[in-house]
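Structural overview
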Amino acid sequence: MARFITPGSMGAVSRLDGAPGGKRGAPALDTDTDSTREIKTHFRVCRFIMETGVKLGMRSVPVATACVLYHRFFQCVSVTVYEPYLVAMSCIYLAGKVEEQHLRTRDIINVCHRYFHSSSEPLNCDGEFWDLRDSVVQCELLVLRQLNFHVSFQHPHKYLLHYLLSVKSLVNRHAWSRTPVAETTWALLRDCYHGTMCVRHAPQHIAIATLYLALLSYGVEVPVGEREWWQVLCEDITKEHIDAIISDLLHLYDMEAKCT
Amino acid sequence: MDRDLLRQTLSHHGQSLFTHLKCEQSENPDFKAIEPDLSKASYQRKYGGEDNALVEQFIARKADILFAPSWKSSALLEDVLEEEGEEPYAIMPPLEQFMEVSFEERRNLLYRDIERGDIVIGRINSIRDFGFFVTLICMGGGLERDIEDLELTALCPLRDVPSNGNHDDPLSYYQLNDLIRAGVKDIDRYHEKITISLQPSSLGPNLMNLKLGVFSRDDLPLQYSRSVRVANDNTETYERVLEGSLGYSNPSNVEYLLGKIGVSDTQPPSLMRGLQSKHFLEEDFATTIRKKQSASWALKCVRVGVDHFKSGRHVEAMNEYNKALEIDTNNVEALVARGALYANKGSLLKAITDFELALESCPTHRNAKKYLCQTLVERGGQLEEEEKLVTAEGLYRKALALDDSFQGAKEALKKIELLIQKSLKLREEAAAKEAEKAKNVETSAEKLRKILKEEKRYIHTNPSERMKRKQRRSSSSSSSSSSSSDRSSSGRRKSKKKKRKHRRSSRGKKHQQVSSRDNRSVADDEEEWYPAPPNTSASFLDQKSSVVRPFEGPERTEEGSQPPSKGRSHSYHSLSSVSDAPDNSRFEDDPFDASPQRAEGSKGKGVRGDKTSDGDVKDREGSRGQRKRQGQEDQSGPQDVPSSLEKVKHRRMSSSSAGSEHSRKSDQYTNDLPSQSHISTYRRSDSGKYGSTERGDKKEQERGTRRSDGGDYRSSTDATRNGKGSSAGGSQKKELPTNLLDLFSQIAQFEKEKCVKPKK
């Protein structure tokens, strides 16, 4: 696999990164295990993906696809072999294609270059630029092959929005309008892509869990029937399930403090 | 921080949350402000639930975001009902149904939450004289609940039933078991009574367009029909219904629903500290960087292009500039450079466009201004040579407006102003000369008129259309019973002026009043120096000048001062063309051999440049044909007048022969001199055609021979046309002397003919 990335392209991306540990935050502590370090790296790179997504004007679903591609890719391969930021850029590019929000490599490269070298001038149309472009395109093919071309996923977003509407109808409309449940649950959903929980749980479950957490945060009262609302929305979920997902999510927030 | 929201949370979680909050938000001033309020109450955890410390800690940590007033994205969103038949997302039955919420609970909740303006659907179960009762079966908008089995009954009072026009009793329109869609008008929560109404005013603004009243089963809302299915089929779960619905598969349902809910995807919310929207700077966004990059890439191309330009490789330079503009459209430097290249090559208009475009984006670009000034002046120079003085002047002024200090523009402007003044003066002088000459001619015209008057008395015809037209235009009476002389005398002047105006202003229209300065000025001119009655042959002078005007166009600035003679030359042009056909037609219609026409014939006919110089009918016919031809050709020449001329032609053609004779006669009078002027016009305008100069001479000869033919017509038409146009500007100065000579010769001939005619 490593053969497919040319020395030039990897070199280009290293140049893109600048000094090691620049944007990657504080140097890893000795007490960190490899896996912890990896998790932190992945967190950072996913943060990078999310930020780039916002700057490129990407919708939530393509950003989610990019993160899932990234996570799935690195479930199979080692982070030491492949430059994670390059992979991230390619995942963004690929996700744009998959989710029909096509992005130009020029824009991706511009934003990423500026991410690493803040307040710099845009790149000139010269060798470095073309090298980077070649790298991104080649890595994209690499990601596709690694994932056996299974690149379209079911995301929780669709489920979450439908669930939101259904639950909204249960609650008094004025109480609902006072409470920013929709924003909170959307924020929670987006944030859970920083970690691998997004690939470890079913999309409906993630949707329910985020909705549950949002309702809990504001103390919203939902009528009770024979069955719980979350039970009704997804038959195969249990309370433990929801709690597990919520704890994963909360863990990510804790990690933010450690990684950035 | 939203105090009420916090209270709500705290009462849900209890005191432990409050402790967490105090701990985590100790540095938050907003929290500190409301902390005293919050601590007053003591909080008990609801639902004896788990002590979820993690969640509480999370809430506490993120409280500054969660409870920030700005967190709530938008104001209350109006509930927009989807179109019937469309399903942009999966419309689900009420969740209550799946949850199997108890009857009591549902009923209580309904009465708590239903509001005025919601839509309900039900069946009429009884009709009374004060209204009818409806059993509600489902909600139609505003609230989504499962109410069918609640067996709610609502009353629709009589006054809320709209009348049906022809029915006396509005209630008679309704029958038992009709499905009704109605709006909730009033709720008595305590007594659990619902009043509904069929008036559209009972609905809120967002649901306003729904039709209330009798309803068909097919229009029942989708969620209800799905709900019925679910009720009947135990295996139908929420999931199955969801995944089975069409809206679920809509790829853009996420976007749609986000819009419906009011959450933004371009500035997405996040609870991560690093992803808060305030951390994102505009210049890091892709579009901003791209613009900067395009500008710098384009600039490189422009530099290369300028190098090419300086070394003389213009083609490569243009290529580079175009490349730069492809990379970055409206790049200022590229536009200026390309404009300079265009100006150098001589494509001044393209250069001006480029400079102006550049200045739009960057109004302070020094080079753009400078080059634009220079190019405008150069273009002005070009226009000057093409005699478009006014446009040139405009350009010079524009250049000066751009750059006051540009010496070249100032000088050019001064020069052109002088030029314009000079040409104005010249025209005035020429006009004065014409006026004098015209006065001289008047006397002979007077004589002519008298003769013609006598002859006219013999002819007593119905007023032709043309006469009518003339009269309409003129202030004179429309009846043409009066002799043509009357016409000419009384209304001629006015008619001529009006005709002039008429022709001048309305190319194809009959009755438009002249609004152009030309007309007015010409009219004024005529009034001034044309004291003779309109019937005189000299009247043609006015007509000519007026006819000529149309040709002048906007360039003429000396209209007022132009003597009619100037106009004549133009008018000849048009008149000749116009008069041709009509003349010809009339010619055939009216075999005049009366002497009165002689004079006119002599004058008018010749104008057309008949080639035959015989005085007999053959010649006439031949000339007729020629005239026709000429008329047609002439018509193609002047662009202003042809349409009007055509019209006049047609009119003439349509006029009765008898009538036309009469009108012709009068026209002839007026056309006498005009025809002479025609000759000169011919010379001027039809140089390419039949050798107008030669024609002119021939005309003079023929004039004497052809008496009773359509020359009169022509002249009349000419006259009318003449009346329309006003004389041209100074360009006709040259024509004037020739015209006058012609006039004199024509008069001489006419007088000769007078003597000759009786012999015939």
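Residues numbered from 1 in each chain as written. Chains lettered and ligands numbered in written order. Predicted model: local features only at pLDDT ≥ 70, side-chain atom pairs only at ≥ 80, totals over all residues. Heavy atoms only, no water.

For chain B, an unreviewed UniProt entry supplies the name S1 motif domain-containing protein and the organism Oncorhynchus tshawytscha.

This is how the line gets drawn: UniProt positions are given in the numbering used here, feature names are shortened, and annotations may be inferred rather than shown by experiment.
You'll find chain A entered in an unreviewed UniProt entry as Cyclin-Q, with Oncorhynchus tshawytscha given as the organism. Its UniProt record, at the heading Function (unreviewed entry), says of chain A: "May be an activating cyclin for the cyclin-associated kinase CDK10." Turning to chain A, the UniProt annotation filed under Sequence similarities (unreviewed entry) states: "Belongs to the cyclin family. Cyclin-like FAM58 subfamily."

**Some thoughts on the overall build of chain B**
Selection criterion: Helix and strand labels come from DSSP, where a helix needs a run of H or I of at least four residues and a strand needs a run of E of at least two; each type is numbered from the N terminus. The cut-offs for exposure are 20% and 50% of the maximum accessible area for each residue type, with area from a 1.4 Å probe on protein chains only; residues under the lower value are buried, those over the upper are exposed, and the others partly exposed. Only heavy atoms enter the contact rule, under which two residues are in contact if any of them lie within 4.5 Å.
Looking only at helices and strands, chain B features 29 helices and six strands. Residues counted as buried form 55% of the 760 residues belonging to chain B. Summarising the internal contacts of chain B: among those between residues at least 6 apart in sequence, 76% fall at separations of at least 24.

**A short note on the overall build of chain A**
Note the cut-off: The method behind every accessible area is Shrake-Rupley, applied with a 1.4 Å probe, and residues are considered shielded solely by the protein chains displayed.
A count of helical and extended segments in chain A gives 13 helices and zero strands. Of the contacts formed within chain A by residues at least 6 apart in sequence, a portion of 78% connects residues at least 24 apart. Of the roughly 9,800 Å² of accessible surface on chain A, 52% is carried by carbon and sulfur atoms.

**Digging into the nonpolar core**
To keep it simple, the criterion reads: To qualify as a nonpolar core, a set must consist of buried Ala, Val, Leu, Ile, Met, Phe, Trp, Tyr and Cys residues joined through side-chain atoms within 4.5 Å.
Within the largest apolar cluster, 145 residues are counted, with the highest numbers of intra-cluster contacts made by Phe 48, Tyr 163 and Trp 229 of chain A together with Leu 95 of chain B. Here this core gets eleven residues from one element, more than from any other, and that element is helix α11 (residues 203-218) of chain A. Not counting chain neighbours up to four residues away, the residues in contact with Phe 48 of chain A comprise Tyr 85, Ala 88, Met 89, Cys 112, Tyr 115 and Phe 116 of chain A. With 40 residues, the next largest nonpolar core counts Ala 298, Leu 325, Val 336 and Leu 400 of chain B among its residues.

**Topic: the packing of helix α5 (residues 105-116) of chain A against helix α6 (residues 127-146) of chain A**
When two helices pack together, you describe them by how their axes are tilted relative to each other and by the distance separating the axes. Residues and elements named next belong to chain A. In plain terms, the rule: In this analysis an axis means a line fitted to C-alpha atoms, helices contributing only their contacting stretch, and an angle means the value between N-to-C directions, from 0 to 180 degrees. Convention used here: angles under 35 degrees read as roughly parallel, angles over 145 as roughly antiparallel, angles from 65 to 115 as roughly perpendicular, and any remaining angle as oblique. All residues other than Ala, Val, Leu, Ile, Met, Phe, Trp, Tyr, Cys, Pro, Asp, Glu, Lys and Arg, Gly among them, are scored as polar; the first ten of these are nonpolar and the last four charged.
Packing of α5 against α6 leaves a shortest axis separation of 10 Å and a crossing angle of 110°. Compared by their axis directions, α5 and α6 come out roughly perpendicular. Contact with α5, carried on its side by Thr 105, Arg 106, Ile 109, Asn 110 and His 113, involves Glu 128, Phe 129, Leu 132, Arg 133, Val 136 and Val 137 of α6 and no other residues of that element. When its residues are assigned to classes, the contact of α5 with α6 shows five nonpolar, three polar and three charged.

**Observations concerning the environment of Lys 168 of chain A**
Residue and element names in this part refer to chain A. Its place among the elements puts Lys 168 in helix α7 (residues 156-170). Judged by its relative accessible area of 34%, Lys 168 is partly exposed. Sequence separation between Lys 168 and Val 181 is 13 residues; the distance between their C-alpha atoms is 9.4 Å.

**Thoughts on the pairing of strand β2 (residues 131-141) of chain B**
Residues and elements named next belong to chain B. The test is simple: Two strands are said to pair when DSSP picks up at least two bridges between them.
Judged by how many residues are buried, β2 sits mostly within the fold: nine of eleven residues are covered. Note that strand β1 (residues 119-128) and β2 share nine bridges and pair antiparallel. When the bridges of β2 are listed, Ile 119 appears paired with Gly 141. Between β1 and β2, which follow one another and run antiparallel, lie two residues. For β2 and strand β3 (residues 153-157), the ladder comprises five bridges, and the chain directions are antiparallel. Within β3, the residue paired with Phe 133 across the bridge is Leu 155.

**Focus: the UniProt feature "repeat: TPR" (unreviewed entry) in chain B**
Residue and element names in this part refer to chain B. Here, the residues flagged by UniProt with the feature "repeat: TPR" (unreviewed entry) are residues 298-331 and 332-365. Annotation note: span residues 298-331, helix share 79%, strand share 0%, distance between end C-alpha atoms 7 Å. The distance separating the terminal C-alpha atoms of residues 332-365 is 8 Å; by composition the span is 82% helix and 0% strand.

**Focus: the side chain of His 205 of chain A**
Relative to the helices and strands, His 205 of chain A is located in helix α11. Residues contacting His 205 of chain A, with those up to four places away along its chain left out, are Cys 234, Asp 236, Ile 237, His 241 and Ile 245 of chain A.

**Details of the interface of chain B and chain A**
Definition in use: Buried area: the sum, over both parts, of the accessible surface (1.4 Å probe) that disappears when the two are put together. What counts as a salt bridge is simple: a side-chain nitrogen of Lys or Arg found within 4 Å of a carboxyl oxygen of Asp or Glu. Throughout this description, a polar contact denotes any pair of N or O atoms lying within 3.5 Å of each other; where both atoms belong to protein, one of them has to be capable of donating a hydrogen while the other can accept it, and for residues adjacent in sequence the pair is counted only when both atoms sit in side chains.
On the side of chain A, 79 residues touch chain B, which itself brings 78 residues to the contact. Of the roughly 7,200 Å² buried where chain B meets chain A, counting both sides, 59% is carbon and sulfur surface. A per-residue breakdown of the area chain B buries against chain A is headed by Met 99, Met 272 and Arg 290 of chain B, which together make up 10% of the total. Salt-bridge contacts for Asp 118 of chain B lead to Arg 173 of chain A; the nearest nitrogen and oxygen are separated by 2.7 Å. Applying the counting rule to chain B against chain A returns 37 residue pairs in polar contact (both at pLDDT 80 or more). Put simply, the parts of the chain that give the side of chain B that touches chain A at least two residues each are α1 (3-13), α4 (53-61), α6 (95-99), α7 (103-113), α9 (238-244), α10 (253-261) and α11 (286-310) of chain B.

**Re the pattern of salt bridges**
Throughout the structure, instances matching the rule amount to 32 salt bridges over all chains. Note that Asp 113 of chain B and Arg 145 of chain B form a salt bridge whose closest N and O atoms lie 2.6 Å from each other. Taken as a pair, Asp 113 of chain B in helix α7 and Arg 145 of chain B in the loop between β2 and β3 lie far apart in primary sequence, 32 residues in all. Exposure class is identical for Asp 113 of chain B and Arg 145 of chain B. Each is buried. Among the salt bridges present, the one from Asp 354 of chain B reaches Arg 338 of chain B, with a minimum N-O distance of 3.0 Å. Here Arg 338 of chain B lies in helix α13 (residues 332-345) and Asp 354 of chain B lies in helix α14 (residues 348-361), a separation of 16 residues in the sequence. Accessibility assignment for this pair places Asp 354 of chain B and Arg 338 of chain B in one class, buried. Members of the salt-bridge network, linked through shared partners, are Arg 173 of chain A together with Glu 115 and Asp 118 of chain B.

**Describing the confidence of the model for chain A**
Do not read the predicted coordinates in detail wherever pLDDT is low. Convention followed: Per residue, pLDDT measures the predictor's confidence, with a range of 0 to 100.
Summary statistics for chain A give a mean pLDDT of 87 and a share of 88% for residues scoring 70 or more. Confidence drops under pLDDT 50 across residues 1-9 of chain A; counting only partners more than four residues distant or on other chains, this segment forms 14 contacts.

**Examining the state of the cysteines**
What counts is decided by this rule: Criterion for a disulfide: a pair of cysteine sulfur atoms within 2.5 Å.
Taken as a whole and judged by the stated rule, the model has zero disulfides over all chains. Free cysteine Cys 192 of chain A: the closest other cysteine sulfur is in Cys 198 of chain A, separated by 6.4 Å.

**Comments concerning the packing of aromatic side chains**
Keep this limit in mind: We call Phe, Tyr and Trp rings a pair once their centres come within 6.5 Å, taking the six-membered ring for Trp, and we label the pair stacked below 30 degrees between planes, edge-to-face above 60, and tilted otherwise.
In the structure shown here, the tally under the stated rule is 23 aromatic pairs over all chains. Each ring, one from Phe 129 of chain A and one from Trp 297 of chain B, has its centre 5.7 Å from the other, and the planes form 85°; the classification is edge-to-face. With Phe 129 of chain A in helix α6 and Trp 297 of chain B in helix α11, this pair bridges two chains. Each member of the pair, Phe 129 of chain A as well as Trp 297 of chain B, is classed as buried. When the ring of Tyr 159 of chain A is compared with that of Tyr 248 of chain B, the centres are 5.9 Å apart and the planes differ by 55°; the resulting orientation is tilted. With one member in each of two chains, Tyr 159 of chain A in helix α7 and Tyr 248 of chain B in the loop between α9 and α10 form a pair that bridges those chains. Taken individually, Tyr 159 of chain A and Tyr 248 of chain B each receive the classification buried, so the pair is uniform in this respect. Taken together, the aromatic side chains of Tyr 159 and Tyr 163 of chain A together with Phe 98, Tyr 238 and Tyr 248 of chain B make up a single cluster linked through ring pairs.

**A closer look at the packing of helix α2 (residues 15-24) of chain B against helix α3 (residues 29-40) of chain B**
Residues and elements named next belong to chain B. Heads up, the condition is: Throughout, a crossing is termed right-handed when the near helix is turned clockwise from the far one, and left-handed when it is turned anticlockwise from it by less than a right angle.
Two elements in contact, α2 and α3, have axes separated by 11 Å at closest approach and are oriented at 155°. The angle between α2 and α3 places the two elements in the roughly antiparallel class. Here the hand of the crossing between α2 and α3 comes out left-handed. Every residue of α3 that contacts α2 at Phe 18, Leu 21 and Lys 22 is listed here: Phe 31, Glu 35, Leu 38 and Ser 39. Grouping the amino acids of the contact of α2 with α3 by side-chain chemistry returns four nonpolar, one polar and two charged.

**Digging into α5 of chain A**
All names here are of chain A. We count it as follows: Every helix has an expected span of 1.5 Å times one less than the residues it contains.
With twelve residues, α5 extends 16 Å between its outermost C-alpha atoms, agreeing within 8% with the 16 Å of an ideal straight helix rising 1.5 Å per residue. Burial analysis of α5 places twelve of its twelve residues in the buried class, the great majority of the element. What α5 keeps buried is the set Thr 105, Arg 106, Asp 107, Ile 108, Ile 109, Asn 110, Val 111, Cys 112, His 113, Arg 114, Tyr 115 and Phe 116.

**Remarks on α2 of chain B**
All names here are of chain B. Just so we agree on the cut-off: By definition, the arc is the one covered by directions from the helix axis to the C-beta atoms.
For α2, the complete set of buried residues consists of Leu 17, Phe 18 and Leu 21. Around the axis of α2, the buried residues are gathered within 100° of arc, so they sit on the same side. Along its buried surface, α2 packs onto α1, α3, α4 and α5 (63-66).

**Concerning unusual backbone geometry**
The phi dihedral of Glu 100 of chain A falls on the positive side, at around 60°, and the residue is not glycine. Within the secondary structure, Glu 100 of chain A sits in the loop between α4 (84-98) and α5. In this model, Asn 177 of chain B sits at a positive phi of 70°, which is unusual for a non-glycine residue.

**Points about the confidence of the model for chain B**
Residues and elements named next belong to chain B. Chain-level pLDDT for chain B is 70 on average; 60% of the residues reach the 70-or-more range. pLDDT under 50 marks residues 542-733. Its contacts with residues more than four places away, or in other chains, come to 779 contacts. Across the interface, the model reports ipTM at 0.87; the global pTM reads 0.65.

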